[in-house]
Amino acid sequence: MEPSILLDQMNFNLFALKKELAQQGIFFEFSGPLSQTLLAEMGDILKQKMKLEDASSPTILKVFSMVVEQTQNIIHYSAEKMGMLGESRQDLSSGIIAVGMEGDTYFVITGNLVDNNDVDHLKSKLSVLATMNAEELKNYYKEQRRLNPDDRSKGAGLGFIEMARKACKPIEFDFVPVDDRFSFFSVNAHIQ
Amino acid sequence: MNRLNIPATKYTPLIDFDPKSRLLVIQGESYPENTAEFYAPVIGWIKDNLSLLASEPTIVEMEIVYFNSSSSKVLMDIFELFEDQAKAGKRLKVNWIYDADNESAQEYGEEFQEDLEHLEFNLVEKKS
């Protein structure tokens, strides 16, 4: 096989992917292993880009906040991990993150694998939040902030509440079964 | 009593607790990967030193541009330690400093303020 043919094929597929993302309004995306330093750099470039587009500082901060909460969720909880010696500090967690615009609304979508055993817990957590209004979310946030986090939580267990408070409509979520161990969990948060 | 000084990074704030000037400063952004680990020495210092230090007027200056949800929890834990001292009659006050165009920093300051009964917690708009 000619090397040039292989290259053409690859460019074609990448261009199709690029077009597909643009059609969905997505202007930033990352798929692969994520880290804290990568998060800080992604945050910087997103802030710069939104500033150039004259987004207001509260909006920029809200989008940044969604990216932080969701990326740290992936870093802490993604079931897709490459571990070394079983030491959690050396695990690399993988996921996908995309930021885009739909009309005058920004959205941050993320996806990662989760253990099938965690699906019900996540579903019920997010379903409850979707029914709450701003005042209820505020009270729930303050109440949870004073409690000790549950066993599964590596942070404060406040991430989704924080996101629900910053989003302009209820957070959308979806679970797609992958195999008998994992499901693909995706979350979409809208910001104005 | 030792001074606690932790320089700021991109995702952790400057911590400068200076017993000589009775000024405790937390300034910057706070979204570490492991919040409990980052704040452990801060909480340790407060538990070891604050009671003695705040027998004279002591000021806490907090200017946090952005903090993630797990930092929010730790900040509440810190304010509760301050609240205990204030309740015991210690002379401690917090100035929560925010930029006029950062409405969330102001709102989040207000939400801490609402949950504190004994601690003097002032919202201070930064002059730009």
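Residues numbered from 1 in each chain as written. Chains lettered and ligands numbered in written order. Predicted model: local features only at pLDDT ≥ 70, side-chain atom pairs only at ≥ 80, totals over all residues.

Enquirer: What am I meant to see in the overall build of chain B here?
Expert: Each helix and strand counted, chain B has three helices and six strands in total. The order of α-helices and β-strands along chain B, N terminus first, is β-β-β-α-β-α-β-α-β. Taking 128 residues into account, the globule formula puts the C-alpha radius of gyration at 14 Å, and chain B, at 14 Å, falls close to it. A principal-axis box enclosing the C-alpha atoms of chain B has dimensions of 35 × 25 × 25 Å. (Helix = DSSP H or I, 4+ residues; strand = E, 2+ residues; numbered from the N terminus. Rg over C-alpha atoms; globule rule 2.2 N^0.38 Å.)

Enquirer: Explanation requested: the interface of chain A and chain B in the structure shown.
Expert: Note: interface size is frequently given as the accessible area lost on complex formation between the parts. Across the boundary between the two partners, chain A contributes 18 residues, which contact 18 residues of chain B. At the level of secondary structure, the elements contributing two or more residues to the side of chain A that touches chain B comprise helix 2 (36-52), helix 3 (57-77), helix 5 (134-145) and helix 6 (159-166) of chain A. Considering every element that reaches the side of chain A that touches chain B, the biggest residue donor is helix 3 of chain A, with eight residues. Residues belonging to the side of chain A that touches chain B are distributed by class as follows: eight nonpolar, five polar and five charged. (Contact = placed C-beta atoms within 7 Å. Nonpolar A, V, L, I, M, F, W, Y, C, P; charged D, E, K, R; others polar.)

Enquirer: Please clarify how the sheet that holds strand 1 (residues 4-6) of chain B should be interpreted in this entry.
Expert: Strand pairing within a sheet occurs via backbone hydrogen bonds; the two strands may be parallel or antiparallel. All names here are of chain B. Spatial ordering of the open sheet is given by 1-2-3-4-5-6, a layout of six strands whose pairing is mixed. The open sheet terminates on both sides in strands that have one partner only, identified here as strand 1 and strand 6 (120-126). Direction aside, neighbouring strands of the sheet carry axes that sit 15° apart on average. Direction of pairing for strand 2 (residues 14-18) relative to strand 3 (residues 23-30): antiparallel, over a ladder of five bridges. (Pairing = 2+ DSSP bridges. Axes fitted to C-alpha atoms, helices over the stretch in contact; angles between N-to-C directions.)

Enquirer: Mind showing me how you'd approach the nonpolar core here?
Expert: Side chains that are nonpolar tend, in soluble globular proteins, to be buried together. Core analysis: the biggest nonpolar cluster contains 66 residues, and A:Val63, A:Val67, A:Val108, A:Ala189 and B:Phe82 have the highest contact counts within it. For this core, the element with the highest residue contribution is helix 3 of chain A, accounting for nine residues. Contacts of A:Val67, omitting those with residues within four sequence positions, involve A:Met42, A:Gly43, A:Leu46, A:Ile97, A:Val99 and A:Val108. (Core = buried A, V, L, I, M, F, W, Y, C linked by C-beta atoms within 7 Å. Buried ≥ 20, exposed ≤ 12 C-beta atoms within 10 Å, placed from the backbone.)

Enquirer: Would you explain helix 3 (residues 103-114) of chain B in this entry?
Expert: Given 3.6 residues to a turn, an α-helix orients residues that are three or four positions apart in the same direction. All names here are of chain B. Its 12 residues place the ends of helix 3 17 Å apart at the C-alpha level, agreeing with the 16 Å of an ideal helix rising 1.5 Å per residue. Those residues of helix 3 that fall on the buried side of the exposure criterion are Ala105, Gly109 and Phe112. On an axial view of helix 3, the arc spanned by its buried residues comes to 60°, and they lie on one face. Contacts made by the buried residues of helix 3 are with strand 4 (58-67), helix 2 (69-87), strand 5 (92-99) and strand 6. (Expected span 1.5 Å × (residues − 1). Arc of directions from axis to C-beta.)

Enquirer: For this particular structure, what's the right way to read unusual backbone geometry?
Expert: Peptide bonds are trans in most cases, and residues, glycine excluded, mostly fall at negative phi. Its identity as a non-glycine residue notwithstanding, A:Asp54 has a phi of 65°, on the positive side. Mapped onto the secondary structure, A:Asp54 falls in the loop between helix 2 and helix 3. Phi is positive for B:Arg22, close to 55°, though the residue is something other than glycine. By the secondary structure assignment, B:Arg22 is in the loop between strand 2 and strand 3. By the C-beta count within 10 Å, which is 16 here, B:Arg22 ends up partly exposed.

Enquirer: So what exactly am I meant to see when it comes to the pairing of strand 4 (residues 105-115) of chain A here?
Expert: Consecutive residues of a regular strand have side chains that alternate between opposite faces of the sheet. Residues and elements named next belong to chain A. Counting buried positions along strand 4 gives nine out of 11 residues, so the element sits mostly inside the fold. Two strands pair when backbone bridges link them, and strand 3 (residues 92-102) and strand 4 are joined in this way by seven bridges, in the antiparallel orientation. Bridge pairing in strand 4 links Gly100 to Phe107. Here strand 3 hands over to strand 4 after two residues, with Gly103 in that stretch at a positive phi of 65°. As judged from the 10 bridges shared by strand 4 and strand 6 (residues 182-191), these two strands associate in the antiparallel manner. Its bridge partner being in strand 6, Ile109 is matched across the sheet by Asn188.

Enquirer: Is there a simple way to explain the pairing of strand 5 of chain B in this structure?
Expert: All names here are of chain B. Of the two faces of strand 5, only one is covered, namely that formed by Leu92, Val94, Trp96 and Tyr98; the face formed by Lys93, Asn95, Ile97 and Asp99 stays uncovered. The pairing of strand 4 with strand 5 spans five bridges and is classified as parallel. Residue Glu61 lies in a different strand from strand 5, and its bridge partner there is Asn95. One crossover worth recording links strand 4 to the parallel strand 5 by way of helix 2, and it is right-handed. Both strand 5 and strand 6 contribute to a ladder of seven bridges, which runs parallel. Counted as the bridge partner of Asp99 is Lys126 from strand 6. (Right-handed = clockwise from strand over helix to strand, strands pointing away.)

Enquirer: Please clarify how the environment of B:Val42 should be interpreted in this entry.
Expert: All names here are of chain B. Mapped onto the elements of the fold, Val42 is located in helix 1 (residues 35-53). Val42 gets classed as partly exposed once you count the C-beta atoms within 10 Å, which come to 18. In this structure, the C-alpha to C-alpha distance between Val42 and Leu75, residues 33 residues apart in sequence, is 11 Å.

Enquirer: When you look at the packing of helix 2 of chain A against helix 3 of chain A in this model, what are you seeing that I'm missing?
Expert: When two helices pack together, their arrangement is given by the angle between the helix axes and by the axis-to-axis distance. Residue and element names in this part refer to chain A. Following both chains from N to C, one finds helix 2 and helix 3 inclined at 160°, their axes separated by 10 Å at the closest point. Compared by their axis directions, helix 2 and helix 3 come out roughly antiparallel. Regarding helix 2 and helix 3, the two cross each other, and that crossing is right-handed. Here helix 2 contributes Gln36, Leu39, Met42, Gly43, Leu46, Lys47, Met50 and Lys51 to the contact with helix 3, which in turn contributes Ile60, Val63, Phe64, Val67, Val68, Thr71 and Ile75. In terms of residue class, the contact of helix 2 with helix 3 is built from 10 nonpolar, three polar and two charged. (Parallel < 35°, antiparallel > 145°, perpendicular 65-115°, else oblique. Left-handed = near helix turned anticlockwise from the far one by under 90°.)

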